[in-house]
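# Breakdown of the fold
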Amino acid sequence: MRYDDPELRDQLAAEYVLGTMPSRSRRRFERLMADDPTLARLVGAWADRLTPLDTATPAEEPPARVWRAVEARIAADAAPPAFEHRWFGSLAFWRGLSIAACTAAAALIIYIAAFPARMGPPIPAVVAVLADQSGDPNWIAIAGPQTGEVSVSAIRPQAEDTRHSFELWSIAGGAPRPLGLLRPEAGNAAIIRAAQLPPPGDLLAVSLEPQGGSPTGLPTGPVLSRGKVLLRLP
Amino acid sequence: MNIVKRLEEGSGSDSPLQLQQLIRGTSRGDKAAFAALYARTAAKLFGVAIRIVGQREEAEEVLQESFVAIWQRAGDYDAARGSATGWLTTIVRHCAIDHVRRRASRPNSHSASDEMLLSFAASGSTDRGAEMAALQRCLAELDEQPRRAILLAYLYGFTREEISADCAVPLGTVKSWVRRGLERLKRCLDP
């Protein structure tokens, strides 16, 4: 079949979405779509034309066992395998970046060892500064104490009562993930693994949660502070 | 730009923009983003799966398969190519259709009249009411049988062969109904 005829391409995209394509043809079409962004765009346009038909279909709450089964099946995956060809979202890209960062750090250590007198004491790298709504910084994340670790501490003492805790969140792509509880007294750091940080440009945030942290795994209380991750650590 | 795109770009009460971000998070292996995506979309998608496979237990399997596929394929999603809802729904519908095709026979409950199909597609006023109204108007412009063929395929996952049996016409006729029906639908929907 010729896949360069524009009419045929649109027709196949329509039948792909409609669901009338035989299963084997559909899989062949999906392989074509993976390497053909304009074909994928035709499919997206057809999905947007036809999905209003689902409007009248009532939502039904699925039983909890469905999510448990999904969770169990993806548990083995450290990361989904399908995005290798998308460089900006891909594991390969981030791996490449962290390898590059590792090399830079190694070069720096060699440099410090070679010229100890001229370098002075190392200044800890600031990973993020978190500010409250009025822009006052109140938490800071710095590299260390060990390689691959980040210390998050209050810049000034934070008011916390016995019924609440400050919880730190990674917000990558708008999705919050809990990183742990923070200590309210200044200079008493919580240590997290650098690998848990969102990529530079994404956010760290602190919310007020019931004592011991959010029971749901998502922020339940007010977000008190936030700040962008400034750099990626090895 | 079509209506879905406009809805997605604004951050309305159902904020589809967030769905895009959750899919993006999922593509990076972020399980919290994936859990949030499930929480936001599973009920609607479960409804769609039940509609196609016709019963809850099998729809549960379909929903599970679909979300494993969503986890694995999140990196393929690109907001420039269409709405998050369209992408998610297509995965679930295809999964449900495969499930039904693996079965020896399908329940008879789907031999609905065209009027029923149309009223089904038209009922319910929701946030996507304007799009539904446009699609409804354009479906009404089609001849009765192509319209019925398209609705049986979309809503219930009928194959061409099943439509051919349902309407008592040759397979070739069904193919041309579907092809020309979809062409007319596109001309009517796209300004």
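Residues numbered from 1 in each chain as written. Chains lettered and ligands numbered in written order. Predicted model: local features only at pLDDT ≥ 70, side-chain atom pairs only at ≥ 80, totals over all residues. Heavy atoms only, no water.

## Some details on the overall build of chain B
Across its full length, chain B holds 10 helices and 0 strands. Ordered by position from N to C terminus, the α and β elements of chain B give α-α-α-α-α-α-α-α-α-α. Classification of the 191 residues of chain B by burial places 55% in the buried group. Excluding contacts between residues fewer than 6 apart, the proportion of contacts in chain B whose partners are at least 24 apart in sequence is 65%. Split by element, the accessible area of chain B, about 8100 Å² in all, is 51% carbon and sulfur. (Helix = DSSP H or I, 4+ residues; strand = E, 2+ residues; numbered from the N terminus. Buried < 20%, exposed > 50% of the residue type's maximum accessible area, 1.4 Å probe, protein only. Contact = heavy atoms within 4.5 Å. Areas by Shrake-Rupley, 256 points an atom, 1.4 Å probe, with all protein chains shown as cover.)

## Side note on the overall build of chain A
Regarding its fold elements, chain A presents 6 helices and 8 strands. Across chain A, helices and strands are ordered from the amino to the carboxyl terminus as α-α-α-α-α-α-β-β-β-β-β-β-β-β. Across the 234 residues in chain A, those meeting the buried criterion constitute 39%. By sequence separation, contacts in chain A at least 24 residues apart represent 56% of the contacts at least 6 residues apart. Per element, the accessible surface of chain A, about 12500 Å² overall, is 60% carbon and sulfur.

## Description of the state of the cysteines
All names here are of chain B. Considering all chains together, one arrives at 1 disulfide over all chains under this definition. For Cys-138, the disulfide goes to Cys-188, at an S-S distance of 2.0 Å. Disulfide Cys-138-Cys-188: torsion about the S-S bond near -75°, hence left-handed. Note that Cys-138 is positioned in helix H7 (residues 129-141) and Cys-188 in helix H10 (residues 171-189), a separation of 50 residues in sequence. For Cys-138, a relative accessible area of 1% translates into the label buried. (Disulfide = S-S within 2.5 Å.)

## Focus on the interface of chain B and chain A
Interface size is often expressed as the accessible area that is lost when the parts come together. Listed as interface residues are 74 residues of chain B and, on the opposing side, 64 residues of chain A. Counting the surface lost from both chain B and chain A, the interface buries some 6200 Å², and carbon and sulfur atoms represent 57% of this. The interface formed by chain B and chain A contains 11 salt bridges. Between Glu60(A) and Arg56(B) there is a salt bridge, and its shortest N-O distance comes to 2.8 Å. The interface formed by chain B and chain A holds 25 residue pairs in polar contact (both at pLDDT 80 or more) in total. Mapped by element, the contributors of at least two residues to the side of chain B that touches chain A are helix H2 (16-27), helix H3 (31-53), helix H4 (56-73), helix H5 (84-102), helix H6 (114-122), H7, helix H8 (144-156) and H10 of chain B. When grouped by side-chain class, the residues that make up the side of chain B that touches chain A number 34 nonpolar, 18 polar and 22 charged. (Buried area = accessible area lost by both parts, 1.4 Å probe. Salt bridge = Lys/Arg side-chain N within 4 Å of Asp/Glu carboxyl O. Polar contact = N/O pair within 3.5 Å; in protein donor to acceptor, adjacent residues only side chain to side chain. Nonpolar A, V, L, I, M, F, W, Y, C, P; charged D, E, K, R; others polar.)

## A short note on the nonpolar core
In this structure, Leu18(A), Phe29(A), Leu53(A) and Ile163(B) are the most contacted members of the largest nonpolar core, which totals 40 residues. Broken down by secondary-structure element, the contributors of at least two residues to this core are helix H1 (6-18), helix H2 (23-34) and helix H3 (37-50) of chain A together with H7, H8, helix H9 (160-167) and H10 of chain B. The greatest single-element share of this core, amounting to 8 residues, is contributed by H8(B). Beyond its immediate stretch of four places on either side in the chain, Leu18(A) contacts Leu50(A), Arg93(B), Ile97(B), Ile150(B), Ala153(B), Tyr154(B), Val178(B) and Leu182(B). One finds Val48(B), Ala49(B), Ala59(B) and Ala84(B) within the second-largest nonpolar core, a separate group that totals 39 residues. (Core = buried A, V, L, I, M, F, W, Y, C linked by side-chain atoms within 4.5 Å.)

## Overview of the confidence of the model for chain A
Residue and element names in this part refer to chain A. Looking at chain A, the pLDDT average stands at 77 and 76% of residues meet or exceed 70. Across chain A, H1 holds the top mean pLDDT of 94, while helix H5 (residues 91-114) sits lowest at 35. A low-confidence stretch, residues 78-120 (pLDDT under 50), is modelled with 44 contacts involving residues beyond four sequence positions or located in other chains. (pLDDT = per-residue confidence, 0-100.)

## What to know about a nonpolar patch on the surface
Residues and elements named next belong to chain A. Together, Val-126, Val-129, Ile-155 and Leu-230 line one region of the surface with nonpolar side chains, adding up to about 310 Å² of accessible area. Counting through the fold element by element, Val-126 comes out in strand E1 (residues 126-131). Given the relative accessible area of 33%, Val-126 is considered partly exposed. (Patch = residues over 30% accessible without salt bridge, like charges linked within 9 Å, V, L, I, M, F, W, Y side chains within 5 Å.)

## Observations regarding the environment of Leu171(B)
Residues and elements named next belong to chain B. Within the secondary structure layout, Leu-171 lies in helix H10. A relative accessible area of 30% places Leu-171 in the partly exposed class. The sequence separation of Leu-171 and Arg-160 amounts to 11 residues, and the corresponding C-alpha distance is 6.7 Å. In this structure, Leu-171 is in contact with Arg-160, Glu-161 and Ser-164, ignoring residues within four places of it in sequence.

## Quick notes on the pairing of strand E6 (residues 190-193) of chain A
Residues and elements named next belong to chain A. Burial along E6 is one-sided: Ala-190 and Ile-192 are buried, and none of Ile-191 and Arg-193, which face the opposite way, are. Alignment of strand E3 (residues 149-154) against E6, held across 4 bridges, turns out to be antiparallel. Each residue of the ladder has a partner; that of Glu-149, found in E6, is Arg-193. (Pairing = 2+ DSSP bridges.)

## Remarks on unusual backbone geometry
The peptide bond linking Gly144(A) to Pro145(A) adopts the cis configuration, its omega dihedral lying at 5°. One can find Pro145(A) in the loop between strand E2 (137-143) and E3. Here Ala168(B), not a glycine, exhibits a phi torsion of approximately 55°, which is positive. With respect to the helices and strands, Ala168(B) occurs in the loop between H9 and H10. Under the relative-accessibility criterion, Ala168(B) is labelled exposed at 69%.

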